[in-house]
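Residue-level structure breakdown
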Amino acid sequence: GLTNVEVMQYTFSPQNLKDFGCCPTSNVATANGSKEELLSSFDVGIGLHCCGSFTDMVMELCLGRGATCIVCPCCNGAMTSKTTSGYQYPRSSSFRGIMSQDEYLDQLSKSADDLGNYQAKCLIEYDRALWAKESGFKEVSMWKLNPTESTPKHHVLCLEC
């Protein structure tokens, strides 16, 4: 297990990114706002601890912009047909051929989170990776955070246009 773990809250801004070794900061910008406000120019989109359909929103924003996308998805168990923000599940045509949205949300997503089924969580992220490839991302990689014990939500998708 992990020892000596500290939780740190940090507000990112171009001025304080140099604390993390990002110099010069003239080519780094941060943004908070609505989906429409975030459609300005960017080359890399990063989503960390993206709950539910937020992962899919970040992926689609990056695809629409032609930007590299790095997301670390979180939970999906609370998702229902009313909380998907309009996204269709399963995401990929491969998965839609074998299960309905109700089956995906009520069984697969809930199993991944509420029941702690690791294989179900892997299938959810694999479905997203298949969608990314079908939708036009040229390179799709699935990674794990290291050490994997740091969090049960240790999957990372790296997508390049």
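Each residue is numbered by its place in its chain's sequence as written, counting from 1. Whole-chain, interface and lining totals are the exception, using all residues; otherwise, since this is a predicted model, local features are given only for residues with pLDDT of at least 70 and side-chain atom pairs are given and counted only at 80 or more. Calculated side-chain values reflect all of the structure's heavy atoms, with hydrogen atoms and water omitted.

1. Brief notes about the pattern of salt bridges
Salt bridge, as used here: a side-chain nitrogen of Lys or Arg that lies within 4 Å of a carboxyl oxygen of Asp or Glu. For the structure on display, the rule yields 6 salt bridges. In this structure, the salt-bridge partner of Asp-56 is Arg-128, at a minimum N-O distance of 2.9 Å. Remark: Arg-128 occurs in helix H4 (residues 118-135) and Asp-56 occurs in helix H1 (residues 54-65); sequence separation between them is 72 residues. Throughout this description, buried means an accessible area under 20% of the type-specific maximum (1.4 Å probe, protein chains only), exposed means over 50%, and partly exposed covers the range between. For Asp-56, a relative accessible area of 0% gives the class buried. Here Arg-128 falls in the buried class, since its relative accessible area comes to 1%. Close ionic contact of Arg-128 with Glu-125 constitutes a salt bridge, the shortest N to O distance being 3.1 Å. On the criterion of helical spacing, the pair formed by Arg-128 and Glu-125 is a turn pair, its members being 3 residues apart in helix H4. We count a stretch as a helix when DSSP gives it H or I for four or more residues in a row; a strand needs E for two or more, and each element gets its number in order from the N terminus.

2. Some details on the packing of aromatic side chains
Centres within 6.5 Å make a pair out of two Phe, Tyr or Trp rings, where for Trp the six-membered ring is used; the pair is then stacked when the planes are under 30 degrees apart, edge-to-face when over 60, and tilted otherwise. This structure, assessed with the given rule, holds 2 aromatic pairs. Their ring planes at 25 degrees and their centres at 5.5 Å tell us that Tyr-89 and Tyr-104 sit as a pair that is stacked. Of the two residues, Tyr-89 sits in the loop between strand E2 (68-73) and helix H2 (93-96) while Tyr-104 sits in helix H3 (residues 101-113), which places them 15 residues apart along the sequence. An identical accessibility class is assigned to Tyr-89 and Tyr-104; each is buried. Lysine NZ or arginine CZ positioned within 6 Å of the ring centre and within 35 degrees of the ring normal marks a charge as sitting over the ring. It is Arg-91 that lies over the ring of Tyr-89; its NZ or CZ is 5.8 Å from the centre.

3. A word on the sheet that holds strand E4 (residues 155-160)
For two strands to be treated as a pair, DSSP must find no fewer than two bridges joining them. Across the sheet, 4 strands lie side by side as E1-E2-E4-E3; this open sheet has mixed pairing. Every interior strand has two partners, whereas the edge strands, strand E1 (44-50) and strand E3 (139-144), have only one. Taken pair by pair, the neighbouring strands of this sheet meet at an average axis angle of 10 degrees, ignoring direction. Sheet topology places E3 next to E4; 6 bridges connect them, and they run antiparallel. Axis angles are defined between N-to-C directions and span 0 to 180 degrees, where every axis is a line fitted to C-alpha atoms and, for a helix, only to the segment in contact.

4. Considerations on H3
Between the first and last C-alpha of H3 there are 17 Å, a value that for 13 residues agrees with the 18 Å anticipated at 1.5 Å per step. Residue contacts are counted whenever heavy atoms from the two residues lie within 4.5 Å of one another. Buried positions along H3 lie against H4. The span one expects for a helix is its residue count, reduced by one, times 1.5 Å.

5. Here we look at the nonpolar core
Among the nonpolar cores identified, the biggest contains 14 residues, and Met-59, Cys-62, Cys-69, Phe-137 and Leu-159 are the most heavily contacted of them. Looking at this core, the elements with two or more residues in it are H1, E2, H4 and E4. Beyond its immediate chain neighbours, meaning those up to four positions away, Phe-137 contacts Met-59, Cys-62, Leu-63, Ala-67, Cys-69, Trp-131, Ala-132, Leu-159, Glu-160 and Cys-161. By nonpolar core we mean a set of buried residues, namely Ala, Val, Leu, Ile, Met, Phe, Trp, Tyr and Cys, connected to one another through side-chain atoms within 4.5 Å. In terms of nonpolar packing, the next biggest core, distinct from the first, is built from 12 residues, Tyr-89, Tyr-104, Ala-112 and Ala-120 among them.

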